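Chain by chain, the residues run as shown.
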Amino acid sequence: FATVRFQQDFFAMAMGQLHDESSAYYRIVERVVKTIDEDTLLTFGTNLGYNALTHGAGVIRSIEQTKGFNVPWCLIIELGEPPLDIASVIQQGMELGIYCYIFNIPAGYSGWETLRDTLHARKECAFFLFLHPLVITSAVGQSLLELHNVMSVLDMDGVSDHALKPAIDGLFRGGAPLAGFTRCGDTIPEDLSSNLLQRAEALDVSVLVLVRTKKHRPQNEDDAYHQVVQLRKGLEVPVLPIDLYGDIAHADRIISSEACLAAIRSDGSVTLTNVDERETVSGHNIRTAPLQEILRCSMPKRTGPEKPRSG
């Protein structure tokens, strides 16, 4: 019944993998279904798979076709001091069809209660929180368990398994979605499968996100992304590797004719990246200009208005 291209691509890949009864994906699915809270699994899955990548994608295509500027399918937001008006940013994003948000949360972040209330109020969105495991105190951990539209993505770099375990165990036992992330250069670590994925599996982490240095991802030149795709096709360790910027670009190319990436820094400045070219800074600030105006001025479509596409 899938009619949207992103759905078709995903289900075709999934069906191919699940024809193999020994596939590592069966073990991933089993762990996810058995450990994640049912309401959270349904809410987060619907928000990401339908609201962001299906319904939201349709809104984005319509805006791009009629107004002539590019809209990213997700926003990356760096939190800090003084705090941004996150509720306003999300509202502006949803009006453009953006239902997925990635937050980078520093260790000393003081606006957790406001952030929690904001995420709770935006029940239609999918939120990924990239944070250090030591940020997850008992109070923060309890809040995360109550948010059904959030996935925590824990920093695994320079952090011992002993330090990671309390945060992971608290979220894992509570049924919260959980991933880990590691930083790397513009190449894929040689020990990704033999070491990094195995470490994640031992820690009960089913998704490992690779945060590579460069954000631009030329479609036909990104050999490292193709490496990740091939690894996923022949996955042996039951941990799904995600190339953060590569997979964002891949989804955006399916949604739109021109892929882009938008990030809001802690000071409010907006960094816009045409993922086929080098990174550019918009020169705008979300504290003083609305998101739509920033995108209109900084990310005009190069190909002109698009013709309407079915699906």
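As a starting point, this report considers the structure included with it. Quick caveat: nothing in here was measured; it's all calculated off a predicted structure. (Residues numbered from 1 in each chain as written. Predicted model: local features only at pLDDT ≥ 70, side-chain atom pairs only at ≥ 80, totals over all residues. Heavy atoms only, no water.)

Considering the overall build of the chain
- In terms of helices and strands, the chain carries eleven helices and ten strands.
- Expressed along its principal axes, the backbone C-alpha trace of the chain runs to roughly 50 × 45 × 35 Å.
- Split into buried and exposed, the 311 residues of the chain put 51% on the buried side.
- For the chain, the proportion of contacts with a sequence separation of at least 24, taken over those separated by at least 6, is 73%.
- When the accessible surface of the chain is totalled, it reaches about 14600 Å², and 54% of it is carbon and sulfur.
- The positive charge centre, built from 28 side chains, and the negative charge centre, built from 39, are 4 Å apart in the chain. (Helix = DSSP H or I, 4+ residues; strand = E, 2+ residues; numbered from the N terminus. Buried < 20%, exposed > 50% of the residue type's maximum accessible area, 1.4 Å probe, protein only. Contact = heavy atoms within 4.5 Å. Areas by Shrake-Rupley, 256 points an atom, 1.4 Å probe, with all protein chains shown as cover. Lys, Arg positive; Asp, Glu negative; His and termini not counted. Charge placed at Lys NZ, Arg CZ, Asp CG, Glu CD.)

Things to note about the environment of Arg287
- As for its position among the elements, Arg287 is in the loop between strand S10 (279-285) and helix H11 (291-298).
- On the accessibility criterion, Arg287 (39% relative accessible area) is partly exposed.
- A sequence separation of 104 residues divides Arg287 from Arg183, and the C-alpha atoms of the two residues are 29 Å apart.
- A distance of 2.8 Å separates the side chain of Arg287 from the backbone oxygen of Pro82, its partner in a polar contact.
- Within polar-contact distance, the side chain of Arg287 engages the backbone oxygen of Asp267 at 3.2 Å. (Polar contact = N/O pair within 3.5 Å; in protein donor to acceptor, adjacent residues only side chain to side chain.)

A short note on a nonpolar patch on the surface
- A surface patch of nonpolar side chains, amounting to about 240 Å² of accessible area, comprises Val29, Val33 and Leu41.
- Among the secondary structure elements, Val29 is positioned in helix H2 (residues 24-35).
- A residue is classified by how much of its surface remains accessible, and Val29, at 44% relative accessible area, is partly exposed. (Patch = residues over 30% accessible without salt bridge, like charges linked within 9 Å, V, L, I, M, F, W, Y side chains within 5 Å. Salt bridge = Lys/Arg side-chain N within 4 Å of Asp/Glu carboxyl O.)

A look at the pattern of salt bridges
- Following the criterion strictly, the structure yields twelve salt bridges and no others.
- One salt bridge in this structure joins Arg183 and Asp155, with 2.8 Å as the shortest N-O distance. Remark: Asp155 occurs in strand S4 (residues 150-155) and Arg183 occurs in strand S5 (residues 178-184); sequence separation between them is 28 residues.
- Relative accessible area serves as the criterion here: at 46%, Arg183 is assigned to the partly exposed category.
- Here Asp155 falls in the buried class, since its relative accessible area comes to 8%.
- For the salt bridge of Arg183 with Asp157, the shortest nitrogen-to-oxygen distance reads 3.0 Å. Here Asp157 lies in the loop between S4 and helix H7 (161-174) and Arg183 lies in strand S5, a separation of 26 residues in the sequence.
- Among the residues examined, Asp157 registers a relative accessible area of 26% and is labelled partly exposed.
- Ionic contacts of the salt-bridge type, sharing partners, join the residues Asp155, Asp157 and Arg183 into one network.

Things to note about the packing of helix H4 (residues 86-95) against helix H5 (residues 112-121)
- Relative to each other, H4 and H5 sit at 25°, their axes nearing to 9 Å. Put simply, H4 runs roughly parallel to H5. The two elements H4 and H5 meet at a crossing, and its hand is right-handed. In this structure, H4 uses Ile86, Ala87 and Ile90 to contact H5, whose residues at the interface are Leu115, Thr118 and Leu119.
- For the contact of H4 with H5, the class distribution of residues is five nonpolar, one polar and no charged. (Axes fitted to C-alpha atoms, helices over the stretch in contact; angles between N-to-C directions. Parallel < 35°, antiparallel > 145°, perpendicular 65-115°, else oblique. Left-handed = near helix turned anticlockwise from the far one by under 90°. Nonpolar A, V, L, I, M, F, W, Y, C, P; charged D, E, K, R; others polar.)

Side note on the packing of aromatic side chains
- In this structure the tally under the stated criterion is four aromatic pairs.
- An aromatic cluster of three or more residues is present, and its members are Tyr101, Phe103 and Phe127. (Phe/Tyr/Trp six-rings, centres within 6.5 Å; stacked < 30°, edge-to-face > 60°.)

Structural notes on the nonpolar core
- One finds Trp73, Ile77, Tyr101 and Phe103 to be the most contacted residues of the largest nonpolar core, which totals 99 residues.
- With residues up to four places along the chain from it excluded, the contact list for Phe103 reads Ile77, Leu79, Ile86, Ile90, Leu115, Leu119, Phe127, Phe128, Leu129 and Phe130. (Core = buried A, V, L, I, M, F, W, Y, C linked by side-chain atoms within 4.5 Å.)

Some details on H5
- Restricting attention to buried positions, one finds in H5 the residues Trp112, Leu115, Thr118 and Leu119. Here the buried residues of H5 occupy an arc of 125° about the axis, which is enough to place them on one side. Exposed residues on H5 whose side chains face more than 90 degrees from its buried face are Glu113, Thr114 and Ala121.
- On its buried face, H5 sits against H4, strand S2 (100-105), strand S3 (126-131), helix H6 (138-146) and S4. (Arc of directions from axis to C-beta.)

Points about the layout of surface pockets
- Approximately 430 Å³ is the volume found for the second largest pocket.
- Those elements that place two or more of their residues in the lining of the second largest pocket are strand S1 (74-78), S2, S3, S5, helix H10 (244-255) and strand S8 (260-264).
- Looking at which element gives the most residues to the lining of the second largest pocket, the answer is S1, with three residues.
- In terms of residue class, the lining of the second largest pocket is built from 13 nonpolar, three polar and six charged. (1 Å grid on protein atoms, 1.4 Å probe; cavity = no way out; pocket = protein on both sides within 12 Å on 5 of 7 lines; lining within 4 Å. Points joined across faces, edges and corners; volume = space filled by probe spheres on them.)

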